[in-house]
Amino acid sequence: ALGAALILSACGHPAMMALSLLPQGTFTTLLKNMQTVDEPNRKRLAELEQKGDWQGLADFAQANLAKDPQNAEWWMMRGYAFIRMEQFPRAAESFQEAVRFEPGEMIGWHLLAETYRLMKQPERAVRTLDAALRVSQDSATTWYLLGESYHDLARYDRAAPAYQQAINRDSGNVGAWYGLAVVNYRMGRKADTDAALAGLRRLDPQLADKVAAQMSATASPR
């Protein structure tokens, strides 16, 4: 959930709360994408995730990588386990291997970028997402995460068009409307802020009202 009360905090938005960057349903998505994994292994993965046995999940992925070291699906599962254990450098290493072996799978790029953000290295996240966009510009998530990464860097002039590109591809992206409203506010662009808030209000009126109220109660940045 987006914390409207945090929009004007030092980091600019609630993005740097540790594991809040890991989208809900990530494990389910990874498991669904594991086309090369047989049913017994899929069942074992689900059991480990259900128990929250992240070390067991990492070990299981590693054992399968020993048999098939170029399998991007197992590298992503290994990375997921390490991100849950907050072992972010090892997670990044895993996702790097995943995108090396399967560059067309966008979730690998997204998870690598989010890991860099968790490591408070948004510059590397930007470079990762730029590489992802050279593979495909179709994913709203890629553009949204690029906006978030520029937001982390307080590069609001770069964040705004990235959020807009995300919205162009998915007009129901609440996070992108939220981010667009905040960065336009920070740049003193009132008309653009109001337009973004209107877009957010269509999707989440309560959040939009909270954001607008806080903006009204806070001195304009310009």
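The structure under discussion appears in the preceding block.
Overview of the overall build of the protein
The helix and strand inventory of the protein stands at 12 helices and 0 strands. When its helices and strands are written in sequence order, the protein yields α-α-α-α-α-α-α-α-α-α-α-α. Intrachain contacts of the protein at a sequence separation of at least 6 include 54% that bridge at least 24 residues.

Remarks on helix α7 (residues 122-135)
Relative to the 20 Å expected for 14 residues at 1.5 Å per residue, α7 spans 20 Å between its end C-alpha atoms, a close match to the ideal helical length. Here α7 has its buried residues at Pro122, Ala125, Val126, Thr128, Leu129, Ala131, Ala132 and Leu133. Buried-residue contacts for α7 involve α6 (106-118) and α8 (140-152).

Some words on the nonpolar core
One finds Leu45, Leu57, Trp74, Met77, Leu146 and Leu200 to be the most contacted residues of the largest nonpolar core, which totals 70 residues. Broken down by element, the residue count for this core peaks at 9 residues, all from helix α4 (residues 72-84). Apart from the residues lying within four places of it in its own chain, the contact partners of Leu200 are Val174, Trp177, Tyr178, Pro205, Leu207, Ala208 and Val211.

Observations regarding the pattern of salt bridges
Considering all chains together, one arrives at 10 salt bridges under this definition. Here Arg42 and Glu39 are joined by a salt bridge, their closest N and O atoms 3.9 Å apart. Of this pair, Arg42 and Glu39 both sit in helix α2 (residues 39-51), 3 residues apart, which is roughly one turn of that helix. Of the residues examined, Glu39 reaches a relative accessible area of 55% and is grouped as exposed. Between Arg201 and Asp209 there is a salt bridge; the shortest N-O distance is 3.2 Å. One network of salt bridges, in which partners are shared, links Glu114, Arg117, Glu148 and Asp152.

Examining the packing of aromatic side chains
A full pass over the atoms with the stated rule returns 4 aromatic pairs. Each ring, one from Tyr144 and one from Tyr163, has its centre 6.1 Å from the other, and the planes form 45°; the classification is tilted. Of this pair, Tyr144 sits in helix α8 while Tyr163 is found in helix α9 (residues 156-169), placing the two residues 19 residues apart along the sequence. Both residues of the pair, Tyr144 and Tyr163, count as buried. An aromatic cluster is present here, built from Phe27, Trp54 and Tyr80 joined pairwise through their rings.

Conventions adopted
Residues numbered from 1 in each chain as written. Predicted model: local features only at pLDDT ≥ 70, side-chain atom pairs only at ≥ 80, totals over all residues. Heavy atoms only, no water. Helix = DSSP H or I, 4+ residues; strand = E, 2+ residues; numbered from the N terminus. Contact = heavy atoms within 4.5 Å. Expected span 1.5 Å × (residues − 1). Buried < 20%, exposed > 50% of the residue type's maximum accessible area, 1.4 Å probe, protein only. Core = buried A, V, L, I, M, F, W, Y, C linked by side-chain atoms within 4.5 Å. Salt bridge = Lys/Arg side-chain N within 4 Å of Asp/Glu carboxyl O. Phe/Tyr/Trp six-rings, centres within 6.5 Å; stacked < 30°, edge-to-face > 60°.

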